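Notes for the structure review
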Amino acid sequence: MRASSAISARDAVGRLPGIGPKRAAALTAEEIATVEDLLWTLPFRWEDRRAFSRVAELEPDAPEATLDLRVVRSRLIRTRRRGLTLFRAVLRDASGEIEALWWNQPYLARVLTEGRRLVAYGAATAPRTGSGLVLENPDYEILDDAEDARASIHTGRIVPVYRRAAGLGSRALRALMRRTFDLLDGDSLPEILPPALADGLPGTSRAAVLEAVHFPPEGAPFERVSDRRTPEVRALALEEMFVLQVALAGRRRTSAGVRPRPPIRVDREALARLEGSLPFRLTAAQRRVLDEIASDLGSERPMARLLQGDVGSGKTVVALLALVTATGGGRQGALMAPTEVLAEQHHRTITARLREAGLDLEATLLTGSLRGAERDRRLRALARGDARIAVGTHALFDGSVAFRDLALVVIDEQHRFGVAQRLALARKGAVPDVLVMTATPIPRTLAMTLYGDLDVSAIDEAPPGRPAIRTVVRAEEDRERVLEGLRRELEAGRQAFVVVPRVEEDDRAELRAVEAHAAELRRGLRGRRVGVLHGRMRPRDKDAAMTGFASGSIDVLVATTVVEVGIDVPNATVMIVEHAERFGLAQLHQLRGRVGRGSARSYCVLMVGSERAGRTARDRLSTLERSADGFEIAERDLALRGPGAVLGTRQHGLADARLLAVALREPGLVEAARSAACALDAAGIARVLRDVREGWRRRLALGRAG
């Protein structure tokens, strides 16, 4: 039964009862601006709380249990530590009593009073002192004496669990979600899927489908709910896939209808001088890709191209040649990188190459840390056209950045950027050409899903003379053996990377942090120069670390994953990754690509940091011991961790990366969504995009797509 004062899906989230202006603003900041955005904030997992246990059946450290209890007595204890309280209650059922403890919830003294009935869910543990069992911070719900415990929101059913949002924990979000469905006008959620695609899906409204995903009905098989294999989740995945494909179809249609623009005039003399100054010859694959790019630049249709190339395949030099091509006739090019470290290295490389070729082209650097008069000077140089090439991070699409005549946008490591970010930078020019590059090989189905509006090029040939990199998995007991191998390489005049997963020590996880591990290595490698590099360093310190490593004044560089892309030191022959089990295979393949860039044999050592990682982690990491094929590794990573972990949870624009994983389980589903989207005419595309929720519009800039 819906409440009479119904809420529309398009209403602002602040219209919901209990959501004041401050909370509404916090939710909006997390991209939950409307009621529909809230409903698409899906659970990240579910818990089966349907089976009830009795107190006498509980055992210490057993799985969580659901219990129907009554409060025997309770009291609030204010500890000596300021602001810390403990609420203690004795709870009972017909089989016995158990103590429950809640920290920092003093309001429970007014709620869990003597005689009150509640359903609790939690794990029983042995107390630190005394006997018996205790429930620490169990989830609970107050019930009336006559109320059915299985009609509860928080217990007695399959319960959704949410990630914290705008200060609201899972319990508060669960209650808010239930209240929202109770108030929702289901007719305010228009149907999106065309009838041909909806065939075979649950024959209920979108509101009912969403509600069944959040709150699975009684009798739903928990295994299918937990594994996201219910018909309702499949329906949401198909809808998300269809909308994404409609957006891409709209972009293709818009691109095809863009007014012709004058072809870019190629300065062939400048290109010849630049290529002639390179210390190596281009591979056949690089030349093929350059021909494809030159063909795009020379046509009246704006380029929209994805360039894939494995680590070390030579994408950066292709990008530089493309940028120089685009600057013919006084026009401008821009190269955007995902991190300041990579942007700074690109700028140094481009500046050096232009100088060595004797080309009078200024390349300027723009990053978020640049401030004051120097930033203003660089902005003026771009606006006047004096700076012909801009290199930077996301700071390039800041509103204060203007170009005189932007002809080409190159985006490095495309998987790190959102689609909307790519569009924002592209709009800095009248009709700029766009080249996006990635060293993360993308399986065909995923590429078709995320980059269906782009033509695809691939550098599928490594530069000649690159030796194979020997990759091994080692455990903590092998550390001295690994150090001995590192010493041998250093004595031979080589250098090494050591990558750790954290910047600072974390008491909750035994992870090696940069500074601590660097200090440990200095003790173990007496006389060797050990440097550090991480994202929290000041720009000049990062620059000094990279310059020192590149020049050879630093022997070992201990870093976070800021070195994953872009750091090019041919003399580095060792890559050691600490706690390798914490990284994805594709990311480890990227890190491995930082070595093996010279003629000497190179090594990648994957250290498994804990016994808990066990055989599963070793089996997964052994893929890298066996294969150097980036596409094979990407396919394996996708199968093991899903697209959200591989690409970043939100960059593709979907509300939930787990829905993308559901869709990719069925390639036929992706094909069907794409076919249905491609069959739409302009009016059909506009009709679908009109009904798309605001969260989609913000992420994919759909207002411009159709």
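Residues numbered from 1 in each chain as written. Predicted model: local features only at pLDDT ≥ 70, side-chain atom pairs only at ≥ 80, totals over all residues. Heavy atoms only, no water.

Re the packing of helix H4 (residues 170-183) against helix H6 (residues 206-214)
The contact between H4 and H6 brings their axes to 11 Å, and the two run at 160°. By the angle between their axes, H4 is roughly antiparallel relative to H6. Relative to H6, H4 is oriented so that their crossing is left-handed. Where H4 abuts H6, its residues Met177, Arg178 and Phe181 lie against Ala207, Leu210, Glu211 and His214. Tallied by class, the residues present in the contact of H4 with H6 amount to four nonpolar, one polar and two charged. (Axes fitted to C-alpha atoms, helices over the stretch in contact; angles between N-to-C directions. Helix = DSSP H or I, 4+ residues; strand = E, 2+ residues; numbered from the N terminus. Parallel < 35°, antiparallel > 145°, perpendicular 65-115°, else oblique. Left-handed = near helix turned anticlockwise from the far one by under 90°. Contact = heavy atoms within 4.5 Å. Nonpolar A, V, L, I, M, F, W, Y, C, P; charged D, E, K, R; others polar.)

Quick look at the sheet that holds strand S11 (residues 304-309)
The sheet built from seven strands is open, its strands ordered S13-S14-S12-S15-S16-S11-S17 with parallel pairing. The sheet terminates laterally at strand S13 (362-366) and strand S17 (455-459), the two strands that pair on one side only. Put simply, the sheet's adjacent strands are angled 20° from each other on average, direction ignored. Bridging between S11 and strand S16 (residues 433-438) involves five bridges; their strand directions are parallel. Directly across from Ala304, in S16, lies its bridge partner Val434. Across the sheet, helix H10 (residues 284-297) touches S11, S16 and S17, and the angle it forms with S17 is around 155°. Where helix H12 (residues 340-356) meets the sheet, it contacts strand S12 (332-336), S13 and strand S14 (387-392), and its direction lies at approximately 170° from that of S13. (Pairing = 2+ DSSP bridges.)

Observations concerning the side chain of Thr393
The residue Thr393 is located in the loop between S14 and strand S15 (406-411) in this model. Accessibility expressed as a relative area gives 2% for Thr393, which makes it buried. Beyond its immediate stretch of four places on either side in the chain, Thr393 contacts Met336, Ala337, Thr339, Glu340, Ala343, Leu366, Thr367 and Gly368. (Buried < 20%, exposed > 50% of the residue type's maximum accessible area, 1.4 Å probe, protein only.)

Description of the confidence of the model for the protein
With 86% of its residues at a pLDDT of 70 or more, the protein has an overall mean of 84. Across residues 648-653, confidence stays below pLDDT 50; counting only partners more than four residues off in sequence or on other chains, it has 21 contacts. Overall, residues 702-706 carries pLDDT values under 50, and its contacts beyond four positions in sequence, including any with other chains, amount to 17 contacts. (pLDDT = per-residue confidence, 0-100.)

Some remarks on the packing of aromatic side chains
Inspection of every chain in the model, using the stated rule, returns four aromatic pairs. Taking 6.0 Å as the distance between ring centres and 45° as the angle between the ring planes, the aromatic pair formed by Phe87 and Trp102 counts as tilted. One end of the pair, Phe87, is in strand S4 (residues 85-93); the other, Trp102, is in strand S5 (residues 96-103), and 15 residues separate them in sequence. Residues Trp102 and Tyr140 carry aromatic rings whose centres are separated by 6.0 Å and whose planes lie at 80° to one another, so their mutual orientation is edge-to-face. Within this pair, whereas Trp102 is found in strand S5, its partner Tyr140 is found in strand S9 (residues 139-143), the two being separated by 38 residues in sequence. The burial state of Trp102 is the same as that of Tyr140; both residues are buried. Linked through ring pairs, Phe87, Trp102 and Tyr140 together constitute an aromatic cluster. (Phe/Tyr/Trp six-rings, centres within 6.5 Å; stacked < 30°, edge-to-face > 60°.)

Focus: the packing of helix H9 (residues 268-277) against helix H11 (residues 315-326)
As a packed pair, H9 and H11 sit with axes 9 Å apart at the nearest point and diverge in direction by 155°. One way to sum up the angle between H9 and H11 is to call them roughly antiparallel. Judged by the sense of rotation from one axis to the other, the crossing of H9 with H11 is right-handed. Residues Ala270, Leu271 and Leu274 of H9 form the contact with H11, whose participating residues are Leu320, Leu321, Val324 and Thr325. When its residues are assigned to classes, the contact of H9 with H11 shows six nonpolar, one polar and no charged.

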